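# Geometric and topological summary
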Amino acid sequence: MNTSDAPLIGSQYEAGDIAWTLTSTALVWLMIPGIGYFYSGMARSKNALSLIMLSCCSVAVVTFQWFLFGYSLAFSKTGGKFIGNFDNAFLRGVLDQPSVGSSKIPDIVFMIFQCMFAALTPALAVGAAAERGRILPTLVFIFLWTTFVYDFIACWTWSANGWSFVMGGLDFAGGTPVHISSGGAALAYAIVLGRRSGDHKDFRPHSMSNVVIGTCFIWFGWFGFNGGSALSANMRAAMACVVTNLAASVGGITWVLLDYRHERKLSVLGFCSGAVAGLVAITPGSGFVSPASSVAIGFLGAVACNMAVRIKHHLKYDDAFDVFAVHGVGGIVGNILTGIFAQKWVAALDGVTVIEGGWLDGHWIQIAYQLGDSCAGLSWSFGVTFLILFIMNKIPGLTLRVDAAHEHRGLDLAELGETAYGHLDEKMASVHGVDHSMEIGRSASISGSRSTDSVNEIKLGSVSTLGHHPTPAPALTASA
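The text that follows walks through the structure, step by step, so that each part is easy to find. (Residues numbered from 1 in each chain as written. Predicted model: local features only at pLDDT ≥ 70, side-chain atom pairs only at ≥ 80, totals over all residues. Heavy atoms only, no water.)

## Considering the overall build of the protein chain
Looking only at helices and strands, one finds 17 helices and two strands in the protein chain. Burial status across the protein chain gives 58% buried among its 480 residues. Long-range contacts, defined here as pairs at least 24 residues apart, represent 77% of the contacts in the protein chain between residues at least 6 apart. When the accessible surface of the protein chain is split by element, carbon and sulfur atoms take 68% of a total near 18,500 Å². (Helix = DSSP H or I, 4+ residues; strand = E, 2+ residues; numbered from the N terminus. Buried < 20%, exposed > 50% of the residue type's maximum accessible area, 1.4 Å probe, protein only. Contact = heavy atoms within 4.5 Å. Areas by Shrake-Rupley, 256 points an atom, 1.4 Å probe, with all protein chains shown as cover.)

This is how it looks when you write it as structure tokens:
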């Protein structure tokens, strides 16, 4: 048989569209360890490694769930208005047919691209449980949460049969499925776990370098997050990249200036927080708004999230890294502003998408659509997350919070048996003439956290640096 005349599987697609979507997949993947580094820098040194570990494990757990039935529940072509079915469980039939997201790429490319979104979202949410949440139950939670929260919201937002999609809701890259859902989940997680033990003055970033590195990974990957959501290498993807970068830039500068009013310091943490807030706010509208509109979205998103962070200080919940204030509030603001600034001509840049636009185009009802979708996503995520955590906490072996001794010791040693800065612990132990054992490393971690963490004196929950206040580390002894 002559195989040279056999049709090549997938030959009907443009190689450039597939290449851009796969490249964007890799960019979004890079955001996930970026989240880990961002969170690890915000935490105390004795918990830094556990947060990087959780982010990487989120990829592994969700990828397996996506293979089992996650993709099918979210994007099966015969699914319902609220959730899909098991037609594509184990990725059956997921290969070269036109995808549910776009006829320009095959199913398998769309599947792996969306897998990265699903893996990133719980990595954002579990930041609220930092420094006190057990790791194994958190991994179980990620699997359950992706199934009962993310898959549902992704289905109704992006599936052609989803109720929000049919209604006319506009969400280009995940305002509700990613940001509002992770924010709602973080709020529920923080409430269920309770506040961290210890003096709140100790809850400050230990490594601004990690925060900046994480921010760079996140910002870089967001070009694939938003630009890749065009699912094709076209002018709409280019516009999405332009407005994404603009909104992040404006958001970062805005937050720095807002904090400068109070502290008279140009905060690095403030710039990183503002850039992320701008990225979150532009996400739902990145394929629908013009560059001028993205400036307004970046500014308003940063202002709203900054206010939400400050309001959190007066409330009783302990969202360790302000996930709800930045991602939940930022996602809601971004959704509403999409209803205002969405324009027909921007959506039409891909040559196929037709929308009625938002307020700027005289389509006033779009704001109501966006608000309804936002409220539904937040309510579903918070309510189901709270229920999952409540049930898990009653099951032996799945209790959510570490005991007081392990919390004081730090999750890196208590849960992982390793530290992010083991070489520093050994050096400190060597200076004081003690044996390089794990317990000495533990002692160094406990005492060192009081010294290394004080390098960046940060107001509780604030994004403003108060100054440099080094505290001498106490001498280590074998009995410390």
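Here the narrative resumes.
## Some remarks on the nonpolar core
Membership of the largest hydrophobic core comes to 109 residues, with the highest contact counts inside it found for Trp 66, Leu 120, Tyr 150, Tyr 189 and Phe 225. The biggest single contributor to this core is helix α3 (residues 107–125), with 13 residues. If sequence neighbours within four positions are ignored, Leu 120 has contacts with Val 28, Met 31, Ile 32, Ile 35, Val 178 and Phe 225. (Core = buried A, V, L, I, M, F, W, Y, C linked by side-chain atoms within 4.5 Å.)

## Overview of the packing of helix α1 (residues 15–42) against helix α2 (residues 48–75)
In contact at an axis separation of 7 Å, α1 and α2 are set at 160° when each is read in the N-to-C sense. Classified by the interaxial angle, the pair formed by α1 and α2 is roughly antiparallel. The crossing of α1 and α2 is right-handed. Residue-level contacts link Trp 29, Ile 32, Ile 35, Gly 36, Tyr 37, Tyr 39 and Ser 40 of α1 to Ala 48, Leu 51, Ile 52, Ser 55 and Val 59 of α2. Taken together, the residues of the contact of α1 with α2 sort by class into nine nonpolar, three polar and no charged. (Axes fitted to C-alpha atoms, helices over the stretch in contact; angles between N-to-C directions. Parallel < 35°, antiparallel > 145°, perpendicular 65-115°, else oblique. Left-handed = near helix turned anticlockwise from the far one by under 90°. Nonpolar A, V, L, I, M, F, W, Y, C, P; charged D, E, K, R; others polar.)

## Some points on α3
Between its terminal C-alpha atoms α3 stretches 28 Å, which fits the 27 Å expected from 19 residues at 1.5 Å a residue. Among the 19 residues in α3, 17 count as buried, and that is most of the element. (Expected span 1.5 Å × (residues − 1).)

## Thoughts on the packing of aromatic side chains
For any pair of aromatic rings, the description rests on two quantities: the centre-to-centre distance and the angle between the ring planes. Under the defined criterion, the tally for this structure stands at 27 aromatic pairs. Residues Phe 69 and Phe 86 carry aromatic rings whose centres are separated by 6.1 Å and whose planes lie at 80° to one another, so their mutual orientation is edge-to-face. Taken together, the positions of Phe 69 in helix α2 and Phe 86 in the loop between α2 and α3 put the pair 17 residues apart, joining distant regions of the chain. One aromatic cluster is present, built from ring pairs that chain together Trp 66, Tyr 71, Phe 75, Phe 110 and Tyr 150. (Phe/Tyr/Trp six-rings, centres within 6.5 Å; stacked < 30°, edge-to-face > 60°.)

## Thoughts on the pattern of salt bridges
In this structure the tally under the stated criterion is eight salt bridges. In this structure, the salt-bridge partner of Arg 44 is Glu 131, at a minimum N-O distance of 3.2 Å. Placement of the pair is Arg 44 in the loop between α1 and α2 and Glu 131 in the loop between α3 and α4 (135–158), with a sequence separation of 87 residues. Among the residues examined, Arg 44 registers a relative accessible area of 8% and is labelled buried. Here Arg 310 and Asp 259 are joined by a salt bridge, their closest N and O atoms 2.6 Å apart. (Salt bridge = Lys/Arg side-chain N within 4 Å of Asp/Glu carboxyl O.)

## With respect to a nonpolar patch on the surface
Together, Ile 191, Phe 386, Leu 387, Phe 390, Ile 391 and Ile 395 line one region of the surface with nonpolar side chains, adding up to about 530 Å² of accessible area. At four residues, the largest contribution of residues to the nonpolar patch is made by helix α13 (residues 365–393). For Phe 386, the position within the fold is in helix α13. (Patch = residues over 30% accessible without salt bridge, like charges linked within 9 Å, V, L, I, M, F, W, Y side chains within 5 Å.)

## A closer look at the side chain of Thr 157
Within the element layout of this structure, Thr 157 appears in helix α4. The class of Thr 157 is buried, set by a relative accessible area of 4%. Setting aside anything within four residues of it in sequence, one finds Thr 157 in contact with Ser 164, Phe 165, Asp 171, Pro 177 and Asp 373.

## Let's talk about the environment of Ala 125
Looking at where Ala 125 falls in the secondary structure, it is placed in helix α3. Leaving out residues up to four positions away in the same chain, Ala 125 has contacts with Ser 182, Ala 185, Ala 186 and Val 323.

## Topic: the environment of Asn 47
Examined against the element boundaries, Asn 47 turns out to sit in the loop between α1 and α2. Each C-alpha atom, one on Asn 47 and one on Arg 409, is 9.1 Å from the other, the two residues being 362 residues apart in sequence. Ignoring any residue separated from it by four or fewer positions in sequence, one finds Asn 47 in contact with Glu 131, Gly 410, Leu 411 and Asp 412.

## Things to note about the environment of Val 323
When you line up the elements, Val 323 lands in helix α11 (residues 323–341). The sequence separation of Val 323 and Ala 125 amounts to 198 residues, and the corresponding C-alpha distance is 6.8 Å. The residues touching Val 323, leaving out its near neighbours within four places in the chain, are Tyr 39, Leu 124, Ala 125, Gly 127, Ala 128, Ser 182, Gly 183, Ala 186 and Gly 328.

## What about the packing of α2 against α3?
As a packed pair, α2 and α3 sit with axes 8 Å apart at the nearest point and diverge in direction by 130°. Comparing their axes, α3 and α2 come out oblique. For the crossing formed where α2 meets α3, the hand is right-handed. On the side of α2, the interface is formed by Ser 55, Ser 58, Val 59, Val 62, Thr 63, Trp 66, Tyr 71 and Phe 75, while α3 contributes Asp 107, Phe 110, Met 111, Gln 114, Cys 115, Ala 118, Ala 119, Pro 122 and Ala 123. Considering only residue class, the contact of α2 with α3 consists of 12 nonpolar, four polar and one charged.

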